[in-house]
Amino acid sequence: MFEPKQLPFTCAAALFMSLQPILVTLSKNEAGRFDYSVPASTMLSEMLKLGISATLLCRHRLTSNAALLSDDSVAEFFSYMLPALIYFVNNNCLFFILQAVDPTTFQLLSQLKTIFTGLLFRLCLNRRLSAVQYLALVTLACGTAVSQIPSAATNDPVSHRHSHAVAAAAGVALSVLSCALSALGGVYSEKLLKGRPTASIHWQNIQLYIWGVVFNALGTYLKDREALVSRGLLAGFDRRAGTVVMCNALNGLAISAVLKYADNIARVYAHAIAMMATMLACVQLFDAPVTPQLVLAVILVATSTFQYNLPPSLLKPPSSPLGDGAEDSDDSVSAKLIRTNVIGADEEKPIAPDYHKRYRRAGSVLSTGSLMTTRLPCFICMVHGHRKQGNDSSLQFEGPLFVGAAAHTRGGVL
């Protein structure tokens with residue numbers, strides 16, 4: 001489904017999507033919270049993406065003289081403000097979601113992006129969905145719902161179960177919001193990135209990340225102003241928090257390349273691969289139990305994801321052996337035998353009622369209507385394993401049958 005040049009970006013995006021929730025979970029303290037400023041973390045990621053994109057653009061300009069600015073560069077720059085705002089909200093939601101749910105559940109809930117992406121394709125890009133795709137969306141919704149079914153056996157006290165249920169519900173609600181924002185940002189970004197096919201992706205990323213730095217700097221100041229003044233910007237950042245910043249930056253660059261050179265469908269595939277990898281990693285790293293609900297949810301979500309993205313060529317029925325326009329493939333053997341074993345059929349004559357629909361391509365020796373005055377040459381045909389029964393004057397064949405006819409049959413029953 002992917003072209004060779006698209007595969008590296010898609011695989012890279014799947015890798016960083018798999019690492020992102022795991023690294024964020026590992027960066028939490030014993031109380032399940034973050035010692036560092038979440039808006040500051042996303043701002044540092046945006047600054048890192050901006051620096052990488054600027055470096056790559058300078059390298060690209062050494063070997064290319066293509067025009068950098070568009071005819072209306074100011075309007076183009078402000079057009080990146082909306083996706084930057086969407087990503088600002090979405091990237092900060094990620095940290096709070098992972099405080100309430102585990103990484104595997106986070107990846108399962110993230111597959112809801114497929115639903116919102118399909119709806120936005122229909123509303124914004126006028127892309128119609130097939131019945132198979134709508135069924136895939138229903139299956140996806142069922143899979144994410146199954147993942148939230150609680151286990152029957154638990155030793156936790158009632159109060160703890162209640163607080164956990166409230167936190168999980170909040171995490172699910174934030175996940176739905178995050179998926180809607182991510183789908184909107186992805187569709188809008190794909191439209192912008194592909195709006196100028198000849199433009200450098202690094203220049204387009206720079207415009208997006210400048211707005212990202214602005215929004216995240218404003219969020220950091222509003223939320224953690226006192227901590228920034230007293231402790232500094234990098235307070236609470238250790239090695240694990242640094243890997244989160246690095247992973248988020250590389251993940252953003254990989255997704256941008258997927259949207260530029262592939263599409264949102266490739267991004268959905270990357271999410272499906274990341275979901276499987278995250279589940280396997282969580283079992284090893286966090287001793288996460290593999291519950292029946294989780295296994296069933298993963299199967300449903302993976303199935304619906306690939307069903308939604310099936311190419312149309314795989315949904316077409318196989319062609320008939322008789323070629324285009326063939327109506328009854330189950331009669332193809334009999335049709336071939338009649339066509340190849342009619343001897344001396346130099347003209348078309350009606351023999352038996354309502355046979356023309358089934359054998360009109362097989363030499364056209366059978367036709368509709370009652371038996372008529374017919375001048376027939378003697379013919380021999382072999383009908384193999386076919387049975388046909390009609391009115392009083394119809395023929396009946398069962399098994400191999402040798403049929404002969406004399407010439408000048410008039411008004412009688414053959």
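Before reading on, note that the structure itself is shown above.
Procedures and definitions
Residues numbered from 1 in each chain as written. Predicted model: local features only at pLDDT ≥ 70, side-chain atom pairs only at ≥ 80, totals over all residues. Heavy atoms only, no water. Phe/Tyr/Trp six-rings, centres within 6.5 Å; stacked < 30°, edge-to-face > 60°. Helix = DSSP H or I, 4+ residues; strand = E, 2+ residues; numbered from the N terminus. Buried < 20%, exposed > 50% of the residue type's maximum accessible area, 1.4 Å probe, protein only. Contact = heavy atoms within 4.5 Å. Core = buried A, V, L, I, M, F, W, Y, C linked by side-chain atoms within 4.5 Å. Polar contact = N/O pair within 3.5 Å; in protein donor to acceptor, adjacent residues only side chain to side chain. Patch = residues over 30% accessible without salt bridge, like charges linked within 9 Å, V, L, I, M, F, W, Y side chains within 5 Å. Areas by Shrake-Rupley, 256 points an atom, 1.4 Å probe, with all protein chains shown as cover. Salt bridge = Lys/Arg side-chain N within 4 Å of Asp/Glu carboxyl O. Axes fitted to C-alpha atoms, helices over the stretch in contact; angles between N-to-C directions. Parallel < 35°, antiparallel > 145°, perpendicular 65-115°, else oblique. Left-handed = near helix turned anticlockwise from the far one by under 90°. Nonpolar A, V, L, I, M, F, W, Y, C, P; charged D, E, K, R; others polar. Expected span 1.5 Å × (residues − 1).

Undergrad: Would you mind showing me how to read the packing of aromatic side chains here?
TA: Describing an aromatic ring pair means giving the distance of the ring centres and the angle of the ring planes. Inspection of the entire model under this criterion finds ten aromatic pairs. The interplanar angle of 85° and the centroid separation of 5.5 Å between the aromatic rings of F34 and F95 together place this pair among those described as edge-to-face. On the criterion of sequence distance, the pair formed by F34 in the loop between α1 (7-26) and α2 (38-61) and F95 in helix α4 (residues 81-100) is long-range, its members being 61 residues apart. The exposure class assigned to F34 is buried, which follows from its relative accessible area of 14%. An angle of 80° between the planes, with centres 5.7 Å apart, marks the rings of F77 and F78 as edge-to-face. A residue is classified by how much of its surface remains accessible, and F77, at 25% relative accessible area, is partly exposed. Cluster of aromatic residues (ring-pair linked, three or more members): F77, F78, F88, W211 and F215.

Undergrad: How should I be thinking about the environment of L50 in this particular structure?
TA: Here L50 lies in helix α2. With 156 residues separating them in the primary sequence, L50 and I206 have C-alpha atoms 5.7 Å apart. Excluding its chain neighbours within four sequence positions, the residues that come into contact with L50 are I206, Y209, I210 and V213.

Undergrad: Can you help me understand the nonpolar core in this one?
TA: Ranked by size, the top nonpolar core spans 39 residues in total, and within it V24 and F95 carry the most contacts. When contributions to this core are tallied by element, the ones reaching two or more residues are α1, α4, α8 (158-195), α9 (201-231), α10 (239-261) and α11 (264-285). With nine residues, α4 is the single largest residue contributor to this core. Excluding residues within four positions of it along the chain, V24 makes contact with F34, L94, F95, L98 and V244. Among the nonpolar cores identified, the runner-up in size contains 23 residues, and L108, V146, L294 and V298 belong to it.

Undergrad: How should I be thinking about the side chain of E76 in this particular structure?
TA: Note that E76 resides in helix α3 (residues 73-79). Side-chain polar atoms of E76 contact the side chain of R196, separated by 3.1 Å. If we skip the residues at most four places from it in the chain, E76 touches S70, R196 and Q207.

Undergrad: Which parts of the structure should I look at to understand a nonpolar patch on the surface?
TA: A cluster of nonpolar residues, V74, F78 and M81, forms a patch on the protein surface that exposes about 280 Å² of accessible area. With respect to the helices, strands and loops of the structure, V74 is situated in helix α3.

Undergrad: Sorry, what's going on with the pattern of salt bridges here?
TA: A side chain of one charge can pair with a side chain of the opposite charge when the charged atoms of the two come close. Using the criterion set out here, one finds four salt bridges in the structure. Across the pair R196 and E76 runs a salt bridge, and its minimum N-O distance is 3.1 Å. You can see R196 sitting in the loop between α8 and α9 and its partner E76 sitting in helix α3, a full 120 residues away along the chain. Summarising the burial analysis for this pair, R196 and E76 share the class buried. With a closest N to O distance of 3.4 Å, D224 and K223 form a salt bridge.

Undergrad: Just to check I follow, could you spell out the packing of α11 against helix α12 (residues 292-308) for this structure?
TA: Relative orientation and spacing of two packed helices are given, respectively, by the angle between their axes and the distance between those axes. Packing of α11 against α12 brings their axes to within 10 Å, and their N-to-C directions diverge by 160°. Accordingly, the angle class assigned to the pair α11 and α12 is roughly antiparallel. Read as a crossing pair, α11 and α12 show a hand that is left-handed. Each of I265, V268, Y269, A272, M275, M276 and M279 in α11 lies in contact with α12, whose residues at this interface are L294, V298, V301, A302, T305, F306 and Y308. Residue classes in the contact of α11 with α12 are distributed as 13 nonpolar, one polar and no charged.

Undergrad: Can you walk me through α2 in this structure?
TA: One full turn of an α-helix is made of 3.6 residues, so residues set three or four places apart face in the same direction. With 24 residues, α2 should cover 34 Å at 1.5 Å per step; its first-to-last C-alpha distance of 35 Å lies within 8% of that length. Among the residues of α2, V38, P39, A40, S41, T42, M43, L44, S45, E46, K49, S53 and L57 are the ones counted as buried. Buried residues in α2 make contact with α4, α9 and α10.

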